[in-house]
Each structure stands twice: as structure tokens, then as C-alpha cells.
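In case you want the letters, here they are:
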Amino acid sequence: MRKFWIVIQGIGWILLYLFLTLIPLFVMLLEPRPAGREFWRELSVALGFAGLAMMTLQFALTARFKILKAPYGSDIVYYFHRNISIVAFLLVLTHPLLLFIFDPETLGLLNLVSAPWRARAAVVSLLSLTGMVFVSIWRKQLRYEYNKWRIWHGLLASSAVTLALVHITLVNHYLNSPWKRVLWGGYAIFFLGMLLYTRLIKPFMLMRKPYLVSEVKPELGGATTLVLEPDGHPGFRFKPGQFAWLTAWGTPFEDKEHPFSISSSAEHPEKISFTIKSLGDFTETVAKMHSGQKVFVDGAYGSFSVDQHAHAEGFVFIAGGVGITPMMSTLRTLADRGETRPLWLIYANRDWDSLTFREEIASLGEQLNLSITCVLEKPPEGWSGESGFITREMLERILPAERRKNLLEIFICGPAPMMDAVENALTAMGFFAGDIHSERFDMV
Amino acid sequence: MLRRNIAMLLIIGIGLIILLVSVLFALAQSAG
């Protein structure tokens, strides 16, 4: 029954999104309606209005409302945010392009010195949007630091929407009646409300619930485990495999948070841990943290959890490198719960000494009905286990031959090329795509 | 994987619906 309501909720959000994107076009047709103009000019205007409505909705997608994420999972909401922004960008870009093509005189509006304010606002808005979209798509290739990008992303997005709202107000062609002004006033209030919530209210709420670092443990493979305890509050409950946003070396108001999988057992929410591999920028500073340090945690998010699939007859976990962290949370939780269903762990890493949690995994193997396979890219001399990369042949050898929908739920977390290869291999082997779940580090 | 593929289809679908409604809007508005 709960699943049914989640599906209904999922469809409801999509319909609401479409409604909020398209309602400005229907309202614009209400009387008093401005005199009709050429088709291409009206099309240009329609695309601009729909694009602007989508731009304002983008702020809600990343505001981390649990009710919005519940039907899809955080990764999908971010995936949607990222890709629908390209659609919105193309719509908004087409708006002036159509004008330039069919009415070349409008090209003169690009001259910011002589152009009226309505055009200046539009040009700067579009430049902000273009800059934001390009930097977001190619952030990694440009080696642009995540924190700096987040700050610029917020500033450029706010500038693009604010100036676009100024543009439609100054043009005033379709805002010629109180109802139309109320509608766009609503979008402006919604946009400001989202900014207020994400930049002030949410950080303030996080500030009131700090955590203290109780332990900083070095792990194999260049990783560090941070153990955190809630300071003066009960903390939050989470599902195994979920992640949270961690702010250290600053306050939540500074927008310096990073997403990490929780690695501890969900049966012990009074003490949560993150295991973080040093990969540059923020992650390098984790080993320098100390006991008693105040940090802030916003969680828990994500649908990469065995708890979402209670019906499964067994679980398969395929991890690459530090992708072991959500699997550790899951295995520790299942051990605490006395799980008896069959489990498989396939853990790929560079070499024997990079296998984070090596000893604890072996011990979990004795507590659980768990088959463990370590795959080493550079195995030590005399290694009799699997080596190289995870291949279809290897998976055929390790996993049971029976293929049936909802029989096994498979969880994959690791570097993107490994995940792509494993997903393709599993699908080719006949596993049902809906039973394969991936957690990608690159969601933001 | 399946969820991502569905999400991509949804994004394309939403884009096409918006385009279609925009064309209908432009037709309605330019005709009248």
C-alpha cells in the first residue's frame, strides 16, 4: 500500500512540475489579451516564459525536501535538476535567437550601452545562465573546485532568475492584467522563498543541531573514518546505504558542505561515521580533524538502501575502492539485525593494502551468510583470488545462475567506468534492470 | 540504471510537451 502511494506521489510531482511550467502560457491567453503578433514572435515569447518558469522551479529541486525526494531518490532528483536545466537553457536561448533571426533589428538590443533596461536585464540574465550551465557541465574538466563552483552556481542562478523577472516586468507585454502579475509575483515569491529557506532557514536549523567528532581513525587505502556524536540532540535515523551532507571547518551558512555515504550501522544512529578517502580538496583535510571538533550534518538522503527492497531473497553488493562505504553501513546494519538471507560482496580495489575495512569484512563474513570476493587490479605474489577488473565471466562464476525479477537486489558503488561496465554485464547476464541499483559519486 | 533511463525519457518528454504547448500558444495567439 505504501509503495502505491509513493508511486502516486511520484506521478503527482511530475504533473505538478508540468503544470507550473505551462500555467503561465494558459494564463497569458486569458482576457485582456494583447493583440496577436507573428507566429515566430509569439513562439519566442512562449519559450521564454516556459524556460523562466522552469528556472525558478530548479531552486526547489535542490532544496532537499525529503517529501520531494522520497519517490525517486536524491540521485535522480539531482540528475533531473542537471538535465532539465539544459532543456530550460535551450528554451531560454531560443527566445532571443528567434527574435534575431526573424527580426534582425533586435540585434541592436545586444548593445548594452544603448539598449533599454529591459534588454540589458535580459542580456545579463542570459549571460549568467550560459556561464552557469557551461561551468556546471564541464566543472571537472575545468578542474574548478567544488565549493567555489557551488557559490558561483548559486549566485549566477539567482542573477539569471532575478534579471529575467525584471525583464518580463519591464517588457510588460503579457503582464497587462492583475491576474498575470499575481502569477509572476507568485513565481518571484517562490524563488525568494527558496533562497531564504536554503541560505538562511536550513543553515540555521543545522546550526542548532551540531555534532562533535569523537574519533578520527586512519583506514587502509588512504581513507579516514570520522566518528560523530550528536551534541545536545538525538541525531537522526537513517537507512543503511544513505548519505548525508557534512560541513566541517565552517558553519552551514558558508555553503561548504560535501556529500558522503554513512559507513556506520543504521541500528546505532547515536554514533554515525563517515569513511572518506583523500582525493584532494576537502577530503585531504579530513585526516587533520580532531576529537571534539564541531561539525554539522544534514541527512539522511538517498534511496540506495536494502531497506527499500524488503521483499528480496538476497542481496549482491559490488563495490569499487571507496564505494565500499555504503556497503559497510549495510553489512554492519544487517549483522546487527541478525540477517540470514544470502549476501554476496564483490569488492574491487587496486591492491591488497588498498582494501579499506579488509579485516572487518572478513569478520562480517563469519557473522552473516556472506560470500566475499576481492578483486585486485595489482594482486600480490601468490594471490589465488580474482584479479584485474570485474568482468561478466567473473560475475557469472560468482553469482547464482537463477535469474528472476525481484530475486536478488544488486547494489553497485564505485568509479563511473566500473559501474557502467558492471551494469552492462549484469543486464547482459539477464538480471532485471529494475533490480540493479547504483550510487554515483558524481551526482553533483 | 533503469531509474536514470526513465528519468532521461521523462526529461525528453517534458521538453517535447513544453515545445508542443508553446507552438499551440503561438498559433492561438498569432491567429487571434
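What you see is a predicted model, and the numbers here were worked out from it, not measured in a lab.

Enquirer: I keep staring at the overall build of chain B and nothing clicks. Help me out?
Expert: Scanning chain B for helices and strands turns up one helix and zero strands. Principal axes of the C-alpha set define a box for chain B whose edges measure 45 × 5 × 5 Å. Put simply, chain B shows about 1700 Å² of open surface, and 82% of that area lies on carbon and sulfur atoms.

Enquirer: Whenever I open this one, the pattern of salt bridges confuses me. Can you help?
Expert: A pair can form between side chains of opposite charge whenever their charged atoms are brought close. Residues and elements named next belong to chain A. Using the criterion set out here, one finds 23 salt bridges over all chains in the structure. Residue Asp 298 pairs with Arg 64 through a salt bridge whose shortest N-O separation is 2.7 Å. Of this pair, Asp 298 sits in strand β6 (residues 294–301) while Arg 64 sits in the loop between α2 (39–61) and α3 (66–69); the two residues are 234 residues apart in sequence, bridging distant segments of the chain. The closest approach of N and O atoms between Glu 229 and Lys 271, which form a salt bridge, is 3.7 Å. A residue pair is termed long-range when its members are at least 10 positions apart, and Glu 229 in strand β2 (residues 223–230) and Lys 271 in the loop between β4 (258–261) and β5 (272–277) qualify at 42 residues. With a relative accessible area of 39%, Lys 271 lands in the partly exposed category.

Enquirer: Sorry if this is basic, but what is going on with the interface of chain B and chain A here?
Expert: One frequent convention defines the size of an interface as the accessible area lost when the parts assemble. Every contact between the two is made by 23 residues of chain B and, on the other side, 41 residues of chain A. Taking both partners together, chain B and chain A bury about 2900 Å²; carbon and sulfur atoms supply 76% of that area. On the surface where chain B and chain A come into contact, there are one salt bridge. The residue Asp 75 of chain A makes a salt bridge to Arg 3 of chain B at a minimum N-O spacing of 2.9 Å. Our enumeration of links across chain B and chain A arrives at six residue pairs in polar contact (both at pLDDT 80 or more). Taken together, the residues of the side of chain B that touches chain A break down into 16 nonpolar, five polar and two charged.

Enquirer: Teacher, can you tell me more about the sheet that holds strand β1 (residues 210–219) of chain A here?
Expert: Either a parallel or an antiparallel arrangement is found when strands of a sheet pair, and the pairing is made through backbone hydrogen bonds. All names here are of chain A. Spatially, six strands are ordered β4-β3-β6-β1-β2-β5 in an open sheet, and the strand pairing comes out antiparallel. Strands at the two margins of the open sheet, each flanked by one partner only, are β4 and β5. In this sheet, neighbouring strand axes are inclined to one another by 40 degrees on average, regardless of whether the strands run parallel or antiparallel. Judged from the five bridges that link them, strand β3 (residues 243–247) and β6 form a sheet pairing that is antiparallel. Across the sheet, residue Thr 247 finds its bridge partner in β6, namely Phe 296. Against the sheet, helix α7 (residues 178–207) touches β1 and β6, its axis set at about 115 degrees to β6.

Enquirer: Help me out: how do you make sense of the pairing of strand β12 (residues 436–439) of chain A in this one?
Expert: Across a regular strand the side chains alternate sides, sitting on one face of the sheet and then on the other. Residues and elements named next belong to chain A. Burial along β12 is two-sided: the residues Ile 436 and Ser 438 and His 437 and Glu 439 are all buried. Bridge count for strand β11 (residues 408–413) against β12 is four bridges, and the pairing is parallel. When the sheet's bridge partners are listed, Ile 412 is paired in β12 with Ser 438. Handedness of the crossover joining β11 and β12 through helix α12 (residues 416–428) is recorded here as right-handed.

Enquirer: Just to check I follow, could you spell out the pairing of β5 of chain A for this structure?
Expert: All names here are of chain A. Taking burial as the measure, the six residues of β5 include five buried ones, the bulk of the element. Pairing of β2 with β5, which is carried by six bridges, proceeds in the antiparallel orientation. Each bridged residue has a counterpart across the sheet, and for Thr 224 the counterpart in β5 is Ile 276.

Enquirer: Can you walk me through the nonpolar core in this structure?
Expert: The nonpolar side chains of a soluble globular protein tend to be buried, and buried together. Counting 60 residues, the largest nonpolar core has Leu 25, Phe 49, Leu 52, Met 54, Ile 84, Leu 129 and Trp 184 of chain A as its most contacted members. Breaking this core down by element, the ones donating at least two residues are α1 (2–28), α2, α4 (74–102), α5 (117–137), α6 (146–171) and α7 of chain A together with α1 (2–31) of chain B. Top contributing element to this core by residue count: α2 of chain A, with 14 residues. In this structure, Phe 304, Ile 324, Met 328 and Ile 361 of chain A belong to the second largest nonpolar core, which totals 25 residues.

Enquirer: I'm lost on the environment of Val 113 of chain A in this one. Help?
Expert: By the secondary structure assignment, Val 113 of chain A is in the loop between α4 and α5. Here the alpha-carbon distance between Val 113 of chain A and Glu 313 of chain A, two residues 200 residues apart in the chain, equals 69 Å.

Enquirer: Even after reading the chapter, I still don't get the confidence of the model for chain B, so can you show me in this structure?
Expert: Note: predicted coordinates in regions of low pLDDT should not be interpreted at a detailed level. Considering every residue of chain B, the mean pLDDT works out to 92; 94% of them sit at 70 or more. Confidence metrics for the complex model read pTM 0.86 and ipTM 0.96.

Enquirer: What exactly am I supposed to notice about unusual backbone geometry here?
Expert: If a residue is not glycine, its phi is most likely negative; likewise, a peptide bond is most likely trans. Residues and elements named next belong to chain A. Between Glu 31 and the following residue, Pro 32, the backbone shows a cis peptide bond with an omega angle of 0 degrees. Mapped onto the elements, Pro 32 comes out in the loop between α1 and α2. Residues Gly 299 and Ala 300 are joined by a peptide bond in cis, for which omega reads -5 degrees. One can find Ala 300 in strand β6. Phi angles above zero are rare outside glycine, and Arg 64 is one such case at about 60 degrees.

Reading guide: rules and limits
- Residues numbered from 1 in each chain as written.
- Chains lettered and ligands numbered in written order.
- Predicted model: local features only at pLDDT ≥ 70, side-chain atom pairs only at ≥ 80, totals over all residues.
- Heavy atoms only, no water.
- Helix = DSSP H or I, 4+ residues; strand = E, 2+ residues; numbered from the N terminus.
- Areas by Shrake-Rupley, 256 points an atom, 1.4 Å probe, with all protein chains shown as cover.
- Salt bridge = Lys/Arg side-chain N within 4 Å of Asp/Glu carboxyl O.
- Buried < 20%, exposed > 50% of the residue type's maximum accessible area, 1.4 Å probe, protein only.
- Contact = heavy atoms within 4.5 Å.
- Buried area = accessible area lost by both parts, 1.4 Å probe.
- Polar contact = N/O pair within 3.5 Å; in protein donor to acceptor, adjacent residues only side chain to side chain.
- Nonpolar A, V, L, I, M, F, W, Y, C, P; charged D, E, K, R; others polar.
- Pairing = 2+ DSSP bridges.
- Axes fitted to C-alpha atoms, helices over the stretch in contact; angles between N-to-C directions.
- Right-handed = clockwise from strand over helix to strand, strands pointing away.
- Core = buried A, V, L, I, M, F, W, Y, C linked by side-chain atoms within 4.5 Å.
- pLDDT = per-residue confidence, 0-100.

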